[in-house]
Amino acid sequence: MSFADLESVAAAMVATGKGILAADESSGTIKKRFDKIGLESTEESRRAYRELLFTTPDMAQSISGVIFYDETLRQKTSKGVPFPEYLAKLGVVPGIKVDTGAKPLAAFPNETITEGLDGLRERLMEYYQLGARFAKWRGVIDIGQGFPTRYAIHANAQALARYAALCQEQNIVPIVEPEVLMDGSHTLERCEEVTNAVLAEVFQQLDGHRVHLEGMILKPNMVISGKKCAQRASPELVAAATVRCLKRHVPGAVPGIAFLSGGQSPAEASLHLSLMNAMGTLPWQLTFSYGRALQDTALTGWGGKPGGVAAGQREFGKWARLNGLARAGRFKPGMEAQAA
Ligand code: 13P
């Protein structure tokens, strides 16, 4: 393991003005996305869609890295260039999702534990050979009546830390993603309380597992009201609560924090990121690692039709650019209409 290699990859992932595209939807998840546009999910339709994203003109100006799913890491452009090689040539770092999903946590109704540690060392070795220089593992914490429990938070944090240590052993930068879901009807205050507990436990476990904090990226949720909350907190309150929570738990040694979008609309996710970056000097880079917030309008613009590629690329390129602006605190509501 080389700390210097890990640190330089991590720095590239959170470079000024750029963020990460999460294109690591499992075959099950991408099928759900394709169902919405009435497109059959086949190996070729999944490849074609990823090619649309990766070949978007100028994407490398605002995208520093792409998270792949196993199948995609092995796929090629229509001209026969492996996707990781194609992106690396553009200066975009290839990454790979390595967890195998959140499964029910035995004896803890409504809670999950993320699996995928068995055989992970060997899989990481192969992924490195295929060009991956960073990885992602997502622990999922849901909020509801009587949960999350301390034990579920602990079990997920421990798995995240074991994964992160294994990644670094194999010279791969871990993205540590403890996601507190925004699916419920909870308030922002409840989200903050749970996110505080989760981040405290995650950093305790990372420390215990001897993870080199300078060579990892944190991918948290924002502190936000649940989607079904009757009175959702304003963007300014979301930005303030999120930064307050991160400052309490994330050591300045961590080079960057790359948020997930978690079901926020593209405009919401960009505005929140922009407001946080406008708050003045922070100890870490604050950037994006969005899936849906970067892809939703690209997917509908494309519609699964060969004639829709240019429209899909325009949409993805637009949101990538606008989030690049949000990195500098310069995204304003309504900008997306002018940028169209
Ligand atoms: P969303 O931005 O759609 O939440 O996806 C990010 C991600 O990688 C979730 O693991």
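A few points on the structure. (Residues numbered from 1 in each chain as written. Predicted model: local features only at pLDDT ≥ 70, side-chain atom pairs only at ≥ 80, totals over all residues. Heavy atoms only, no water.)

Right, let's get into the overall build of the chain. Check the secondary structure of the chain and you find 13 helices and 10 strands. For 340 residues, the compact-globule estimate of 2.2 N^0.38 gives 20 Å, and the C-alpha radius of gyration of the chain, at 19 Å, lies within 12% of that figure. Principal-axis analysis of the C-alpha atoms gives the chain an extent of 50 × 45 × 40 Å. The burial tally for the chain puts 56% of its 340 residues in the buried class. If you take every contact in the chain between residues at least 6 apart in sequence, the share linking residues at least 24 apart comes to 77%. In the form shown here, the chain has an accessible surface area of approximately 13,900 Å², with 52% of it arising from carbon and sulfur atoms. Distance from the positive charge centre (38 side chains) to the negative charge centre (35 side chains) of the chain: 4 Å. (Helix = DSSP H or I, 4+ residues; strand = E, 2+ residues; numbered from the N terminus. Rg over C-alpha atoms; globule rule 2.2 N^0.38 Å. Buried < 20%, exposed > 50% of the residue type's maximum accessible area, 1.4 Å probe, protein only. Contact = heavy atoms within 4.5 Å. Areas by Shrake-Rupley, 256 points an atom, 1.4 Å probe, with all protein chains shown as cover. Lys, Arg positive; Asp, Glu negative; His and termini not counted. Charge placed at Lys NZ, Arg CZ, Asp CG, Glu CD.)

What follows is about empty space enclosed by the protein. Throughout the structure, instances matching the rule amount to 3 cavities of 30 Å³ or more. A class-by-class count of the residues in the lining of the largest cavity yields 6 nonpolar, 4 polar and 1 charged. For the second largest cavity, the calculated volume is near 40 Å³. Forming the boundary of the second largest cavity are Gly139, Ile141, Ile153, Asn156, Ala157, Leu160, Pro178, Val198 and Val202. (1 Å grid on protein atoms, 1.4 Å probe; cavity = no way out; pocket = protein on both sides within 12 Å on 5 of 7 lines; lining within 4 Å. Points joined across faces, edges and corners; volume = space filled by probe spheres on them. Nonpolar A, V, L, I, M, F, W, Y, C, P; charged D, E, K, R; others polar.)

So, about the packing of helix H3 (residues 43-54) against helix H11 (residues 292-302). One way to put it is that H3 packs onto H11 with a least axis distance of 11 Å and a crossing angle of 115°. Judged by the twist between their axes, the crossing of H3 over H11 is right-handed. In this structure, H3 contributes Ser45, Tyr49, Leu52 and Leu53 to the contact, and H11 contributes Gln295, Ala298, Leu299 and Trp302. Within the contact of H3 with H11, the residues separate by chemical class into 6 nonpolar, 2 polar and no charged. (Axes fitted to C-alpha atoms, helices over the stretch in contact; angles between N-to-C directions. Left-handed = near helix turned anticlockwise from the far one by under 90°.)

Let us now look at the packing of aromatic side chains. Considering all chains together, one arrives at 9 aromatic pairs under this definition. Taken together, a centroid distance of 6.5 Å and an interplanar angle of 45° make the contact between tryptophan 319 and phenylalanine 331 tilted. Of this pair, tryptophan 319 sits in helix H12 (residues 309-326) while phenylalanine 331 is found in the loop between H12 and helix H13 (335-339), placing the two residues 12 residues apart along the sequence. A relative accessible area of 3% places phenylalanine 331 in the buried class. (Phe/Tyr/Trp six-rings, centres within 6.5 Å; stacked < 30°, edge-to-face > 60°.)

Our next topic: helix H9 (residues 235-249). A rise of 1.5 Å per residue sets the reference length of H9, with its 15 residues, at 21 Å; its end C-alpha atoms lie 22 Å apart and thus fit the reference within 8%. Those residues of H9 lying buried are Val238, Ala239, Ala241, Thr242, Val243, Cys245, Leu246 and His249. Of the surrounding secondary structure, the elements contacted by the buried residues of H9 are helix H8 (188-208), strand S8 (217-218), strand S9 (256-259), helix H10 (266-277) and strand S10 (285-290). (Expected span 1.5 Å × (residues − 1).)

So, about the layout of surface pockets. By volume, the largest pocket amounts to about 770 Å³. Considering the residues around the largest pocket, the lining is formed by 29 residues, among which Thr29, Arg33, Lys97, Arg138 and Arg292 are closest to the centre. Of all the secondary-structure elements, those providing two or more residues to the lining of the largest pocket are helix H2 (27-36), strand S4 (102-104), strand S6 (134-141), strand S7 (173-180) and S10. Looking at the lining of the largest pocket residue by residue, the class counts come to 7 nonpolar, 8 polar and 14 charged. Its volume calculated, the second largest pocket comes out at about 260 Å³.

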